Amino acid sequence: MPIAVISSLYRCEQHLPTFTAAVFGFAKRVSESGISAHYLPIVNDATRRERERIDRLASEINAHYYGRMTPQYVPRETLYASWNRGLAATQAPYFTFWNADDFRSAAALREGYSALRNGFHLVDFDYTRLRHVKRFGLFPREQRIHVPCMFADEGLTRHAGIGPFFMASKALYAQVGPFDPNFQVAGDTEWASRAAPSVKFQRASANGGDFIVHGDNLSNTGGDREDIEVNIIFMRLGAWGQLRPTNPAAMRQAWETWGNPGRITIPPEEADFLWGPAAEARWKRYQRERRQAPALRRLRLALASRGLIHSVEWAMAQRGRDRL
């Protein structure tokens, strides 16, 4: 099996009907293109219905010879612990991941597989951010936003990380090391930050798939945990200008308990920024500004850019630009 497709699943019953149908169709198309894939659902604390659906999907894929599926049922663990578990359980030289609430493109996987076979270590894709929004509070409409490829081999910034459909080689994984299981949300970005200095990277031309925004996503939510983890990534890199206000007590607790394995010394002014006396008020204002309606937010940033009002969000953008 040349490529492993790993899915970490937890309490995903609402997504399983569409996910299992999508995986079966995807596996059929991938198999018909001549690629043999190893599908590894890592099901955390599975319910009876989850186990039944996943076992049925595995039987169908294996019976039709659309690759091979070997589910694993495990106690609850972090997403990135499951990813490491899946990678340890396959001999495939290449790998990728599939969240239960997203849709992957078989054409993109074929392109990525070709690039990996031709010597690239990592392939990332443009993708579509898809959500349903209510118009005038009544009927939902589909909003599709094209997101350009996020990975940049010159280094990580607030605007350059890694996309949800990336593909990579096991050789790169062996070189970079496993995903940090302490992360709950941004472990893929942290891993990408370690991979960037040495990776041979290819941006694919195909769209990787649809990233579905439904309110329960782990990433791309702007939640406290995500903000803290992204800060920790930049702290490990010493990229102090990329830090943003977060919950001061939670930020300090995370950094001092698991976030600082290398015993990095924080400059005093950065410690003051993160959890000093003014940190909580700054964080709360930053949160209020980010939650403003889009039109009001744009107006505030425009006024702040002209020095007419003070905006924490604008100040943070300037802080990052000045200190890159």
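Residues numbered from 1 in each chain as written. Predicted model: local features only at pLDDT ≥ 70, side-chain atom pairs only at ≥ 80, totals over all residues. Heavy atoms only, no water.

1. Section: the overall build of the protein
Quick note on the threshold: The helix and strand labels rest on DSSP assignments: H or I over at least four residues marks a helix, E over at least two residues marks a strand, and numbering proceeds from the N terminus. Buried residues are those whose accessible area, probed at 1.4 Å on protein chains only, stays under 20% of the maximum for their type, while exposed residues exceed 50% and partly exposed ones sit between those limits. Throughout, a contact is declared for two residues whenever any of their heavy atoms are within 4.5 Å. Neither His nor the chain termini are counted; the positive set is Lys and Arg, and the negative set is Asp and Glu. Taken as the charge location is NZ of Lys, CZ of Arg, CG of Asp or CD of Glu.
Counting secondary structure elements, the protein contains twelve helices and ten strands. Dimensions along the principal axes, computed over C-alpha positions, put the protein at roughly 65 × 50 × 40 Å. In the protein, which comprises 324 residues, the share counted as buried stands at 50%. In the protein, the share of contacts with a sequence separation of at least 24, taken over all contacts with a separation of at least 6, comes to 73%. Measuring between centres, the 43 positive side-chain charges of the protein sit 3 Å from its 33 negative side-chain charges.

2. Observations regarding the environment of Met235
Assignment of secondary structure puts Met235 in helix α7 (residues 224-237). Apart from residues lying up to four places away in sequence, Met235 is in contact with Trp240, Leu243, Met251, Trp255, Ile264, Ile266, Leu274 and Trp275.

3. Details of the environment of Arg306
Counted only if it meets this: Side-chain atoms alone can form a polar contact between residues adjacent in sequence; in general such a contact is a pair of N or O atoms within 3.5 Å, and within protein one must be able to donate a hydrogen while the other accepts it.
Residue position: Arg306 is located in the loop between α11 (294-305) and α12 (312-323). Owing to a relative accessible area of 59%, Arg306 belongs among the exposed residues under this scheme. One polar contact links the side chain of Arg306 to the main-chain carbonyl oxygen of Ala302, over a distance of 2.9 Å.

4. Remarks on the pattern of salt bridges
To keep it simple, the criterion reads: Only one rule defines a salt bridge in this text: a Lys or Arg side-chain nitrogen within 4 Å of an Asp or Glu carboxyl oxygen.
Per the stated rule, a full pass over the model turns up 18 salt bridges. Linking Arg48 and Glu52 is a salt bridge whose minimum nitrogen-to-oxygen distance equals 2.9 Å. Of this pair, Arg48 and Glu52 both sit in helix α2 (residues 48-63), four residues apart, roughly one helical turn. For Arg48, a relative accessible area of 59% corresponds to the exposed category. On the basis of relative accessibility, which here comes to 36%, the residue Glu52 falls in the partly exposed class. A salt bridge links Arg236 to Glu190; its shortest N-O distance comes to 3.3 Å. Here the residue Arg236 occupies a position in helix α7, and Glu190 occupies one in helix α6 (residues 187-195), the gap between them amounting to 46 residues. Classification of Glu190 as buried rests on a relative accessible area of 4%. Sharing partners across several salt bridges, the network here consists of Arg285, Glu289, Arg297, Arg300 and Glu313.

5. Overview of the nonpolar core
Soluble globular proteins: nonpolar side chains tend toward being buried together. This is how it is decided: Each nonpolar core is a collection of buried residues, namely Ala, Val, Leu, Ile, Met, Phe, Trp, Tyr and Cys, held together in the definition by side-chain atoms within 4.5 Å.
Of all hydrophobic cores here, the largest spans 51 residues; its most connected members are Phe95, Leu122, Phe166, Phe179, Trp191 and Met235. Looking at this core element by element, the count peaks at six residues for α7. If sequence neighbours within four positions are ignored, Phe179 has contacts with Tyr80, Trp83, Asn84, Leu87, Phe97, Phe166, Tyr173, Gly187, Asp188, Trp191 and Arg194. In terms of nonpolar packing, the next biggest core, distinct from the first, is built from 40 residues, Val23, Ala58, Val123 and Phe165 among them.

6. Regarding empty space enclosed by the protein
Rules: Think of a 1 Å grid over just the protein atoms. A cavity is a set of points where a 1.4 Å probe fits yet cannot get out, a pocket is an open set with protein on both sides within 12 Å along at least five of seven lines, and lining residues have an atom within 4 Å of a point. Grid points are joined across faces, edges and corners, and a volume is the space filled by probe spheres set on the points.
Overall, the coordinates contain three cavities of 30 Å³ or more when judged by the stated rule. Here the largest cavity is characterised by a volume of approximately 50 Å³. Lining of the largest cavity is provided by Val5, Ser7, Phe19, Val23, Tyr39, Leu40, Pro41, Leu57, Met69 and Trp98. When contributions to the lining of the largest cavity are tallied by element, the ones reaching two or more residues are β1 (3-10), α1 (16-32) and β2 (37-44).

7. Section: the confidence of the model for the protein
As a reminder of what qualifies: What pLDDT reports is the predictor's confidence in each residue, on a scale of 0 through 100.
Confidence in the prediction of the protein, expressed as mean pLDDT, is 90, and 91% of residues score 70 or more. At the level of individual helices and strands, the protein shows its lowest average pLDDT in α12, which scores 75, and its highest in strand β5 (residues 94-97), which scores 98.

8. Some details on the packing of α1 against helix α4 (residues 106-117)
The condition is simple: Think of each axis as a best-fit line through the C-alpha atoms, taken over the contacting stretch in the case of a helix, with angles from 0 to 180 degrees between the N-to-C directions. When describing relative orientation, an angle under 35 degrees is termed roughly parallel and one over 145 degrees roughly antiparallel, while 65 to 115 degrees is termed roughly perpendicular and anything else oblique. Each crossing is labelled by how the near helix is turned from the far one, with a counterclockwise turn of less than a right angle marking it left-handed and a clockwise turn marking it right-handed. Each residue gets one label: Ala, Val, Leu, Ile, Met, Phe, Trp, Tyr, Cys and Pro are nonpolar, Asp, Glu, Lys and Arg are charged, and the others, such as Gly, are polar.
At their nearest, the axes of α1 and α4 sit 9 Å apart, and the two run at 45 degrees to each other. Relative to α4, α1 is oriented oblique. The way α1 lies across α4 gives a crossing that is right-handed. In contact with Phe26, Arg29 and Val30 of α1, α4 contributes Ala106, Leu109 and Arg110. Looking at the contact of α1 with α4, its residues break down into four nonpolar, no polar and two charged.

9. Side note on the packing of aromatic side chains
To be explicit about the condition: When the centres of two rings from Phe, Tyr and Trp lie within 6.5 Å, Trp using its six-membered ring, the rings pair. Their planes under 30 degrees apart give stacked, over 60 give edge-to-face, and anything left gives tilted. In this scheme, the term charge over a ring applies when either NZ of a lysine or CZ of an arginine sits within 6 Å of the ring centre and within 35 degrees of the ring normal.
A complete count under the given rule lists 21 aromatic pairs for this structure. Seen in terms of ring centroids, Trp83 and Phe97 are 3.6 Å apart; in terms of plane orientation they differ by 5 degrees. Their pairing is stacked. Of this pair, Trp83 sits in helix α3 (residues 79-88) while Phe97 sits in strand β5; the two residues are 14 residues apart in sequence, bridging distant segments of the chain. Measuring from ring centre to ring centre gives 5.1 Å for Trp83 and Phe179, while their planes differ by 85 degrees; the resulting arrangement is edge-to-face. Here the residue Trp83 occupies a position in helix α3, and Phe179 occupies one in the loop between α5 (170-176) and α6, the gap between them amounting to 96 residues. Accessibility assignment for this pair places Trp83 and Phe179 in one class, buried. Grouping aromatic residues by their ring pairs yields a cluster made of Tyr80, Trp83, Phe95, Phe97, Phe166, Tyr173, Phe179 and Trp191. Across the ring face of Tyr73, the terminal group of Arg51 is positioned such that the distance to the ring centre comes to 3.9 Å. Over the aromatic face of Phe120 sits the side chain of Lys200, whose NZ or CZ is 5.1 Å from the ring centroid.

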